[in-house]
Amino acid sequence: MADAALIGVTVLGATGSIGRSTLDVLGRHRDRYRVVALTANSQVDRLCEQCLEHRPDYAVMADAAAAERLAERLRAEAPEITVLAGMAGLEQVAALPEADYVMAAIVGAAGLTPTLAAARAGKRVLLANKEALVMSGRLFMDAVQQSNAVLLPIDSEHNAIFQCMPAGFADGFARVGVRRILLTASGGPFRTTPLEQLATVTPEQAVAHPNWSMGRKISVDSATMMNKGLEVIEACWLFNTTPAQVQVVLHPQSVIHSMVEYVDGSVLAQLGNPDMRTPIAHALAWPERMDSGVSSLDMFAVARLDFSAPDLNRFPCLRLAVEAMEAGGTSSAILNAANEVAVESFLQRRIAYTAIPQVIEAVLAETTAHGAESLEQILADDAAARAAAERQVTLRDTKH
Ligand code: NAD
Ligand code: MG
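What you are looking at is a predicted structure, and each value in this text was computed from that prediction instead of being measured. (Residues numbered from 1 in each chain as written. Chains lettered and ligands numbered in written order. Predicted model: local features only at pLDDT ≥ 70, side-chain atom pairs only at ≥ 80, totals over all residues. Heavy atoms only, no water.)

Trainee: Would you take a moment to explain the coordination of the magnesium ion (ligand 2) for this structure?
Mentor: Where a metal carries four tetrahedral donors, each ideal angle is 109.5 degrees; where it carries six octahedral donors, the ideal angles are 90 or 180 degrees. Here the magnesium ion (ligand 2) is held by D155 (OD), E157 (OE) and E231 (OE), and the distances to it run 2.1 Å. For the magnesium ion (ligand 2), all donor residues lie on one chain, and their spacing in sequence is D-x1-E-x73-E. Here the residue E157 occupies a position in helix α7 (residues 156-164), and E231 occupies one in helix α11 (residues 226-238), the gap between them amounting to 74 residues. Each member of the pair, E157 as well as E231, carries the same accessibility label: buried. (Donors = N, O, S within 2.8 Å, 3.2 Å for Na, K, Ca; no water. Helix = DSSP H or I, 4+ residues; strand = E, 2+ residues; numbered from the N terminus. Buried < 20%, exposed > 50% of the residue type's maximum accessible area, 1.4 Å probe, protein only.)

Trainee: I keep staring at the packing of helix α6 (residues 130-147) against helix α15 (residues 331-347) and nothing clicks. Help me out?
Mentor: Two quantities define a packed helix pair, namely the angle between the axes and the distance from one axis to the other. Contact pair α6 / α15: the axes reach a minimum separation of 7 Å and the direction vectors enclose 140°. Classified by the angle their axes make, α6 and α15 are oblique. In this structure, α6 contributes E131, V134 and M135 to the contact, and α15 contributes S332, A333, N336 and E340. Among the residues making up the contact of α6 with α15, the classes are represented as three nonpolar, two polar and two charged. (Axes fitted to C-alpha atoms, helices over the stretch in contact; angles between N-to-C directions. Parallel < 35°, antiparallel > 145°, perpendicular 65-115°, else oblique. Contact = heavy atoms within 4.5 Å. Nonpolar A, V, L, I, M, F, W, Y, C, P; charged D, E, K, R; others polar.)

Trainee: Explain helix α3 (residues 64-77) to me, please; I cannot follow it from the model alone.
Mentor: Structurally, the α-helix is built with 3.6 residues per turn, so residues lying three or four positions apart point the same way. The end-to-end C-alpha separation of α3 is 20 Å, in line with the 20 Å expected for 14 residues at 1.5 Å each. Here α3 has its buried residues at A66, A67, L70, A71 and L74. Each buried residue of α3 sits inside an arc of 140° when the element is viewed along its axis, so together they form one side. In α3, the exposed residues that point more than 90 degrees away from the buried face are E68, E72, R75 and A76. Buried positions along α3 lie against α2 (44-54), β3 (58-61) and β4 (82-85). Of the residues that open α3, the one with a side-chain oxygen 3.4 Å from the backbone nitrogen of A65 is D63. (Expected span 1.5 Å × (residues − 1). Arc of directions from axis to C-beta. Polar contact = N/O pair within 3.5 Å; in protein donor to acceptor, adjacent residues only side chain to side chain.)

Structure below.
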């Protein structure tokens, strides 16, 4: 029987990089948390293994055929686990009464509907799936407010900003004495690569991040700095501000995870080893603190911290993201959809690395944005942008 004194946690995207780090932290605190549901797209073997270790009540596979295979495997070894399939299953476990916390760690637009379901159900939402917030901004923040959900950022920068922010920041920076956010960025694997070589970099080079080990999509986003662009948008929604108040700072060591500057000139920073278990443990335990398994930061090994301004010629995706946020409405959803298609096409070697921003810019120019008041409108413009991006990719397809 489940112990009602334990905090129930659903992990959306359990088999991914963030999902696995979350289960590592939860596994260290079995006296405090219990896993209620685990979900994955199609990785049956890994989800099965996780189910046997963490014994959730539910396991969901987005892919129906994969759900069949998982159900068959679990019938023999853990028949008490209910297996669900598809988007309906993901939404159901995001809103279960016994799930107090929901880790939103699905990658990309696929995570929007279940993450929004968790917000609408008033959960503590641990938000790793930045694309969901980029797509649905106002709608998502309104859902959080209306349902009294607690939204805590897992993205290391936003978790750092949250830790450095004063109470009451949601009322606006001026009221709490904050001047701006300093959002740090490593610059990724191509920070110093000669510009003329960028056209021929490979997916293997792009996913080899110098400091962080992450899923493939976010790794490519880090190389193009679209990740930082999405994070500027994410910061604007989470901290109720505008891109003008968010300064991106290149900081190749990834030791400072971001900073908050106050009107008196104070700058508060959060530092640590680049290990996502720190923000995960922070958001799980908040407002308390607990062990994450992350080792002490060795300041003597770090020795020095460097900072510089980002070069928008090298990183046009950063400019495109800020422009989309300023344009408002579904522009950010269009940007995000075009980026997802462009990144996947680059990973499949259909387009060059340097075609990624070209595809996105062309899609933004040809797709009409609307007000982002409803999920239906957001998903419609996401679909239109994906179709436009497919056409733009075909025009540039190097496999012709
Ligand atoms: P990942 O690719 O390692 O894992 C993605 C997870 O989502 C997997 O469990 C996969 O099964 C699931 N998934 C993929 N497509 C799906 C679909 N169509 N339907 C349902 N489930 C699906 O990705 P990740 O690196 O863990 O990143 C997850 C999210 O966290 C992303 O939004 C990323 O931007 C964000 N994030 C990651 C890191 C990091 O260090 N990895 C840091 C900050 C933010
Ligand atoms: Mg980040």
